[in-house]
Amino acid sequence: RGAATASGNQGAATASGNQGAATASGDWGAATASGYQGAATASGNGGAATASGLQGAATASGDWGAATASGTRGAATASGNQGAATASGYEGKARGAAGCALFLVERDGNGEILHVWAGIAGKDGIKPMAYYRLVDGKPVEVE
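Read on for an overview of the structure. This structure is a prediction, so every number in the text was calculated from the model and none was measured. (Residues numbered from 1 in each chain as written. Predicted model: local features only at pLDDT ≥ 70, side-chain atom pairs only at ≥ 80, totals over all residues. Heavy atoms only, no water.)

1. A short note on the environment of A69
Where we set the bar: What counts as a helix is a DSSP run of H or I of at least four residues, what counts as a strand is a run of E of at least two, and both are numbered from the N terminus. Here, residues are in contact when the closest pair of their heavy atoms is within 4.5 Å.
Its location among the elements puts A69 in strand β8 (residues 66–69). Measuring from C-alpha to C-alpha, the distance between A69 and T59 comes to 9.1 Å, with ten residues separating the pair along the chain. Residues in contact with A69, not counting those within four places in the same chain, are A51, G56, G74, A75, A76, T86, A87, S88 and G89.

2. Thoughts on the pattern of salt bridges
Put simply, the rule reads: Here a salt bridge means any side-chain nitrogen of Lys or Arg lying within 4 Å of a carboxyl oxygen belonging to Asp or Glu. Partly exposed describes any residue whose relative accessible area lies between the buried limit of under 20% and the exposed limit of over 50%, with all areas from a 1.4 Å probe on protein chains only and scaled to the type maximum.
In this structure the tally under the stated criterion is two salt bridges. One salt bridge connects R73 with E91, and the closest N-O pair in it is separated by 3.0 Å. Placement of the pair is R73 in the loop between β8 and β9 (75–78) and E91 in the loop between β10 (84–87) and β11 (93–96), with a sequence separation of 18 residues. Residue classification places R73 among the partly exposed positions, given a relative accessible area of 41%. E91 gets classed as partly exposed once you look at its relative accessible area, which sits at 30%. K127 is the salt-bridge partner of E141, the closest N and O atoms lying 3.0 Å from each other. Taken together, the residues E141 in strand β15 (residues 138–142) and K127 in the loop between β13 (113–120) and β14 (131–135) connect sequence positions 14 residues apart.

3. Some details on the environment of G119
Positionally, G119 belongs in strand β13. The exposure class assigned to G119 is buried, which follows from its relative accessible area of 17%. Distance from G119 to A84, taken between C-alpha atoms, is 10.0 Å for residues 35 residues apart in sequence. Apart from the residues lying within four places of it in its own chain, the contact partners of G119 are C100, A101 and L102.

4. Brief notes about the pairing of strand β2 (residues 12–15)
We apply this condition: For two strands to be treated as a pair, DSSP must find no fewer than two bridges joining them.
Burial along β2 is one-sided: the face carrying A13 and A15 is buried and the face carrying A12 and T14 is not. Bridge count between β2 and strand β4 (residues 30–33): four bridges; the pairing is parallel. The residue of β4 that forms the bridge with A12 is A30.

5. Focus: the pairing of strand β12 (residues 101–107)
Side chains on a regular strand alternate between the two faces of the sheet. With five of seven residues buried, β12 is to be regarded as a mostly interior element. Looking at chain direction, β10 and β12 are connected through four bridges and run parallel. When the bridges of β12 are listed, A87 appears paired with L104. For β12 and β13, the ladder comprises seven bridges, and the chain directions are antiparallel. Across the sheet, A101 pairs through a bridge with I120, a residue of β13.

Below you can see the structure in the form of C-alpha coordinates.
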(Lines give C-alpha, C1' and ligand atoms only; values in the text may rest on other atoms or scores of the structure.)
Protein backbone atom coordinates (compact mmCIF):
# COMPACT_ATOMS: atom_id res chain seq x y z
CA ARG A 1 0.00 0.00 0.00
CA GLY A 2 2.97 2.25 -0.46
CA ALA A 3 3.34 5.40 -2.54
CA ALA A 4 6.32 6.70 -4.52
CA THR A 5 6.71 10.26 -5.80
CA ALA A 6 9.42 11.82 -7.98
CA SER A 7 8.70 15.51 -8.54
CA GLY A 8 11.91 16.73 -10.18
CA ASN A 9 12.98 16.68 -13.82
CA GLN A 10 14.02 13.27 -15.13
CA GLY A 11 12.84 11.52 -11.94
CA ALA A 12 11.46 8.01 -11.54
CA ALA A 13 8.86 6.65 -9.12
CA THR A 14 8.01 3.00 -8.48
CA ALA A 15 5.30 1.46 -6.29
CA SER A 16 5.43 -2.33 -6.45
CA GLY A 17 3.05 -3.32 -3.66
CA ASN A 18 -0.69 -3.90 -3.66
CA GLN A 19 -2.81 -0.80 -4.23
CA GLY A 20 0.26 1.41 -4.50
CA ALA A 21 0.51 4.74 -6.31
CA ALA A 22 3.48 6.15 -8.22
CA THR A 23 3.67 9.75 -9.43
CA ALA A 24 6.37 11.45 -11.51
CA SER A 25 5.39 15.09 -11.96
CA GLY A 26 8.57 16.50 -13.52
CA ASP A 27 9.54 16.55 -17.18
CA TRP A 28 10.71 13.22 -18.65
CA GLY A 29 9.75 11.35 -15.49
CA ALA A 30 8.70 7.72 -15.31
CA ALA A 31 6.12 6.26 -12.94
CA THR A 32 5.50 2.53 -12.50
CA ALA A 33 2.89 0.78 -10.37
CA SER A 34 3.26 -2.98 -10.67
CA GLY A 35 1.02 -4.17 -7.85
CA TYR A 36 -2.67 -5.00 -7.66
CA GLN A 37 -4.88 -1.96 -8.45
CA GLY A 38 -1.90 0.36 -8.60
CA ALA A 39 -2.01 3.79 -10.22
CA ALA A 40 0.85 5.40 -12.11
CA THR A 41 0.79 9.02 -13.24
CA ALA A 42 3.37 10.91 -15.28
CA SER A 43 2.34 14.55 -15.53
CA GLY A 44 5.45 16.12 -17.04
CA ASN A 45 6.17 16.43 -20.74
CA GLY A 46 7.60 13.29 -22.27
CA GLY A 47 6.83 11.20 -19.17
CA ALA A 48 5.88 7.53 -19.13
CA ALA A 49 3.38 5.85 -16.81
CA THR A 50 3.03 2.07 -16.57
CA ALA A 51 0.53 0.04 -14.58
CA SER A 52 1.15 -3.68 -14.86
CA GLY A 53 -0.98 -5.02 -12.02
CA LEU A 54 -4.54 -6.26 -12.05
CA GLN A 55 -6.96 -3.35 -12.61
CA GLY A 56 -4.15 -0.80 -12.58
CA ALA A 57 -4.46 2.67 -14.09
CA ALA A 58 -1.77 4.56 -15.99
CA THR A 59 -2.10 8.23 -16.91
CA ALA A 60 0.27 10.40 -18.94
CA SER A 61 -1.00 13.98 -18.79
CA GLY A 62 2.02 15.83 -20.16
CA ASP A 63 2.71 16.44 -23.84
CA TRP A 64 4.23 13.46 -25.71
CA GLY A 65 3.67 11.19 -22.72
CA ALA A 66 2.98 7.46 -22.87
CA ALA A 67 0.59 5.50 -20.66
CA THR A 68 0.61 1.70 -20.65
CA ALA A 69 -1.74 -0.63 -18.82
CA SER A 70 -0.64 -4.23 -19.27
CA GLY A 71 -2.50 -5.90 -16.43
CA THR A 72 -5.92 -7.54 -16.54
CA ARG A 73 -8.69 -4.93 -16.80
CA GLY A 74 -6.16 -2.10 -16.72
CA ALA A 75 -6.87 1.40 -17.99
CA ALA A 76 -4.51 3.75 -19.84
CA THR A 77 -5.11 7.46 -20.42
CA ALA A 78 -3.09 9.91 -22.53
CA SER A 79 -4.48 13.38 -21.86
CA GLY A 80 -1.62 15.61 -23.04
CA ASN A 81 -0.85 16.72 -26.60
CA GLN A 82 0.38 13.97 -28.93
CA GLY A 83 0.48 11.32 -26.20
CA ALA A 84 -0.10 7.60 -26.53
CA ALA A 85 -2.19 5.16 -24.49
CA THR A 86 -1.75 1.39 -24.70
CA ALA A 87 -3.96 -1.29 -23.19
CA SER A 88 -2.39 -4.70 -23.72
CA GLY A 89 -3.87 -6.78 -20.89
CA TYR A 90 -6.98 -8.94 -20.85
CA GLU A 91 -10.08 -6.69 -21.04
CA GLY A 92 -7.90 -3.58 -20.92
CA LYS A 93 -9.10 -0.19 -22.07
CA ALA A 94 -7.50 3.03 -23.30
CA ARG A 95 -8.50 6.62 -23.98
CA GLY A 96 -6.82 9.77 -25.16
CA ALA A 97 -7.27 13.44 -25.87
CA ALA A 98 -7.83 14.47 -29.48
CA GLY A 99 -4.74 13.68 -31.51
CA CYS A 100 -3.38 11.05 -29.10
CA ALA A 101 -2.56 7.56 -30.33
CA LEU A 102 -4.46 4.58 -28.94
CA PHE A 103 -3.20 1.00 -29.04
CA LEU A 104 -5.43 -1.91 -28.06
CA VAL A 105 -4.77 -5.63 -27.71
CA GLU A 106 -7.54 -8.23 -27.47
CA ARG A 107 -6.72 -11.42 -25.57
CA ASP A 108 -8.65 -14.54 -24.73
CA GLY A 109 -9.00 -15.86 -21.18
CA ASN A 110 -5.68 -17.70 -21.50
CA GLY A 111 -3.80 -14.55 -22.51
CA GLU A 112 -3.44 -15.46 -26.18
CA ILE A 113 -3.46 -12.41 -28.46
CA LEU A 114 -6.45 -12.48 -30.78
CA HIS A 115 -6.41 -9.00 -32.34
CA VAL A 116 -4.54 -5.70 -32.24
CA TRP A 117 -5.67 -2.21 -33.25
CA ALA A 118 -4.20 1.27 -33.48
CA GLY A 119 -5.96 4.57 -34.01
CA ILE A 120 -6.02 8.27 -33.17
CA ALA A 121 -8.53 9.83 -30.78
CA GLY A 122 -10.74 12.29 -32.62
CA LYS A 123 -10.44 10.49 -35.97
CA ASP A 124 -12.39 7.75 -37.74
CA GLY A 125 -15.22 7.78 -35.19
CA ILE A 126 -12.98 7.40 -32.11
CA LYS A 127 -14.18 9.91 -29.52
CA PRO A 128 -11.59 11.86 -27.53
CA MET A 129 -11.43 10.93 -23.83
CA ALA A 130 -13.79 7.96 -24.21
CA TYR A 131 -12.51 4.56 -23.12
CA TYR A 132 -12.21 1.87 -25.79
CA ARG A 133 -11.68 -1.87 -25.54
CA LEU A 134 -11.03 -4.20 -28.45
CA VAL A 135 -13.90 -6.66 -29.05
CA ASP A 136 -13.80 -9.05 -32.00
CA GLY A 137 -11.01 -6.95 -33.48
CA LYS A 138 -12.95 -3.66 -33.34
CA PRO A 139 -12.68 -0.78 -30.85
CA VAL A 140 -15.83 -0.57 -28.72
CA GLU A 141 -16.62 2.31 -26.38
CA VAL A 142 -16.83 1.17 -22.73
CA GLU A 143 -17.30 2.75 -19.29
